Amino acid sequence: MHNKNSTINFPSSFTWGVATSAYQIEGASAIDGRGPSIWDTFTHTPDKIIDGSTGDVACDHYHHWVEDVEIIAALNVNAYRFSISWSRVQPLGYGPWNEKGFEFYAKLLDKLAEKNIAAHVTLYHWDLPQGLQDRGGWLNRETATRFADYAAEVARRFGDRITTIATHNEPWCSANLGYGNGQFAPGIADTALSIQVSHHLLLSHGLAIQAMRAVLRNLNSSTKLGIVLNQWTAMPATDSPQDRAEAEWEYARSVQWYMDPIFKLKYPQKALDRMDLNKFLVHENDMNDIGQAIDFLGVNYYTRAYVSTENPPKKPEGKLGFSDMGWEIYPDGLTDLLLRLQREYPRLPPIYITENGMAAADKIEGGKISDETRIEYVRLHLHALHQAIAQGVDVQGYFYWSLLDNFEWNSGYAKRFGLVYVDYDTQERILKDSALWYRDFIAAQMQAARSKIQ
Ligand code: IFM
């Protein structure tokens, strides 16, 4: 039996990182030519965000980026995952580029390089330029082409200094929360539309990969290209045929819906069978465009789906507790998920765990934030990840979500995911105990790797 208290060693080449996204930390929403995104519009619409807050200032990372990179370096990580705000570099999502916007990311990339921290960039973390939303947003096929133009421009400018570029972060959320239930921007609740949106997001991914490949080839660049998907295992609450069938449907519509087009060039039949497809239009060559070879898959894992057909539905026992988001802490699901991906996708490229972390009701006491539950969460997930690697899954890195407490979408600032506490009144950053633990854990891993080489 695997002992969850034993020391584990990850491969010496392993990537250790922390992650953020533009709208959640940058602030400076109307500075230096940035255009509005759908999240600016959404947060400025009454009753959309639990605490009525916006990302106008957030962690003011736009003005604190030097200090933030110093913090990243102090954590011993060798990688930083962040996203580019599309409307900062192209205010409308089409038309002219904004040089000031590109300058911000150029400075950030230079500073990271100076500190030997690899840059892992996401192009789209949900913040569509409002200019494109005004032309139909992700319901308009044209948006996929505009996205490919933007991707190519980023590759052209930064292809010499980015380690990986992910096209999308969690397209499931853009489609199912942005459209399906309307809890996220642009807030349109229509399930049939969400299916078409998911198709255009996947199409934009494939077109962007092709456009970036052409640019990177010319630059002789070694930047790796991929996508980041949020995934979970779906476990039936009981052994009943109904629960088991429902769990498979959940897995098909959430995980396989994005994986199959990319790695098998088709949508999963099990999902198609139960979906409302009356607004679903796929052009002839779309699946070939989507199914481009990619160099890595980013997996974001937080919890499992616990599926019950009973009324009221059975709830998970939560032996290890629940996070402040109400999500069950279930590390074994990460091992199960990775093993299932390995079994089902022969074309699976190397994986990065691009997000994993938990929200907790952190408090400063005596100048300290004792977030023991978060430390335990990370420790157990690293063990679960190690288990998957030991069974042959090619995982090359782990990024904690998030570096900083930040704007947690429709939950506003009420939920704190950071390793670093942010006092939003003063913008002071304070390392939580989990940050110190992660820093020391990585140092020990690096030390072990060095002594193996000697
Ligand atoms: O904060 C989000 C992030 O933007 C995307 N993945 C999940 C995180 C926690 O909800």
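Before going into details, it helps to say that this report is about the structure given with it. (Residues numbered from 1 in each chain as written. Predicted model: local features only at pLDDT ≥ 70, side-chain atom pairs only at ≥ 80, totals over all residues. Heavy atoms only, no water.)

### Focus on the layout of surface pockets
In this structure, the largest pocket occupies an estimated 980 Å³ of space. Lining the largest pocket are 39 residues; nearest its centre among them are Trp172, Leu177, Trp232, Thr303 and Trp327. Within the residue set of the lining of the largest pocket, elements represented by two or more residues are helix H8 (171–180) and strand E8 (305–307). Here the second largest pocket is characterised by a volume of approximately 360 Å³. Asn176, Trp249, Glu250, Arg253 and Ser254 are, among the 21 residues lining the second largest pocket, the residues nearest its centre. Of all the elements, helix H10 (residues 241–264) adds the most residues to the lining of the second largest pocket, at 7 residues. Residues of the lining of the second largest pocket, tallied by class, amount to 10 nonpolar, 6 polar and 5 charged. (1 Å grid on protein atoms, 1.4 Å probe; cavity = no way out; pocket = protein on both sides within 12 Å on 5 of 7 lines; lining within 4 Å. Points joined across faces, edges and corners; volume = space filled by probe spheres on them. Helix = DSSP H or I, 4+ residues; strand = E, 2+ residues; numbered from the N terminus. Nonpolar A, V, L, I, M, F, W, Y, C, P; charged D, E, K, R; others polar.)

### Here we look at the site of the ligand
Taken together, Gln24, His125, Trp126, Asn169, Glu170, Tyr302, Trp327, Glu355, Trp401, Glu408, Trp409 and Phe417 are the residues near the ligand. A distance of 2.8 Å separates a nitrogen atom of the ligand from a polar side-chain atom of Glu170. In this structure, Glu355 approaches the ligand through a side-chain N or O atom, which is 2.5 Å from a nitrogen atom. (Near = heavy atom within 4 Å. Polar contact = N/O pair within 3.5 Å; in protein donor to acceptor, adjacent residues only side chain to side chain.)

### Section: the sheet that holds strand E7 (residues 296–300)
Read around the closed barrel, the 8 strands follow the order E1-E2-E3-E4-E5-E7-E9-E10; overall the barrel is parallel. Strand-to-strand, the axes of this sheet are offset by a mean angle of 25°, without reference to chain direction. Against the sheet, helix H9 (residues 191–219) engages strand E3 (118–124), strand E4 (164–169) and strand E5 (224–230), with an angle of about 165° to E4. (Pairing = 2+ DSSP bridges. Axes fitted to C-alpha atoms, helices over the stretch in contact; angles between N-to-C directions. Contact = heavy atoms within 4.5 Å.)

### Some thoughts on the environment of Val121
On the secondary structure map, Val121 appears in strand E3. Residues Val121 and Glu408 lie 287 residues apart in sequence; the distance between their C-alpha atoms is 19 Å. Beyond its immediate chain neighbours, meaning those up to four positions away, Val121 contacts Phe82, Ile84, Ile162, Thr164, Ile165 and Ala166.

### Re the nonpolar core
Generally speaking, nonpolar side chains in soluble globular proteins are found buried as a group. In terms of nonpolar packing, the biggest core is built from 143 residues, with Val18, Trp39, Leu338, Leu341, Leu385 and Tyr398 touching the most fellow members. What Val18 contacts, discounting residues up to four positions off in sequence, is Ile72, Leu75, Val77, Ala79, Tyr80, Arg81, Phe399, Tyr400, Leu403, Leu419 and Tyr438. (Core = buried A, V, L, I, M, F, W, Y, C linked by side-chain atoms within 4.5 Å. Buried < 20%, exposed > 50% of the residue type's maximum accessible area, 1.4 Å probe, protein only.)

### Considerations on unusual backbone geometry
It is generally the case that most residues other than glycine have a negative phi and that most peptide bonds are trans. Residue Asn311 is joined to Pro312 through a cis peptide bond whose omega torsion reads -5°. Summarising the element assignment, Pro312 is placed in the loop between E8 and helix H13 (332–344). Here the bond from Trp401 into Ser402 is cis, since omega is 10°, no more than 30 degrees from zero. Looking at where Ser402 falls in the secondary structure, it is placed in the loop between strand E10 (395–401) and strand E11 (420–423). Within the chain, Trp126 stands out as a residue other than glycine whose phi angle is a positive 80°. Summarising the element assignment, Trp126 is placed in the loop between E3 and helix H6 (130–133). Its relative accessible area of 7% is what places Trp126 among the buried residues. Of note, the phi angle at Asn220 is positive, near 60°, even though the residue is not glycine. For Asn220, the location among the structural elements is in the loop between H9 and E5. Take Asn220: its relative accessible area is 71%, and that puts it in the exposed class.

### A closer look at helix H14 (residues 372–390)
Look at H14: 27 Å from first C-alpha to last across 19 residues, which is about the 27 Å you get at 1.5 Å a residue. Counting buried positions over the 19 residues of H14 gives 14, a clear majority of the element. Directly after H14, the chain includes Gly392, whose backbone phi takes a positive value near 100°. (Expected span 1.5 Å × (residues − 1).)

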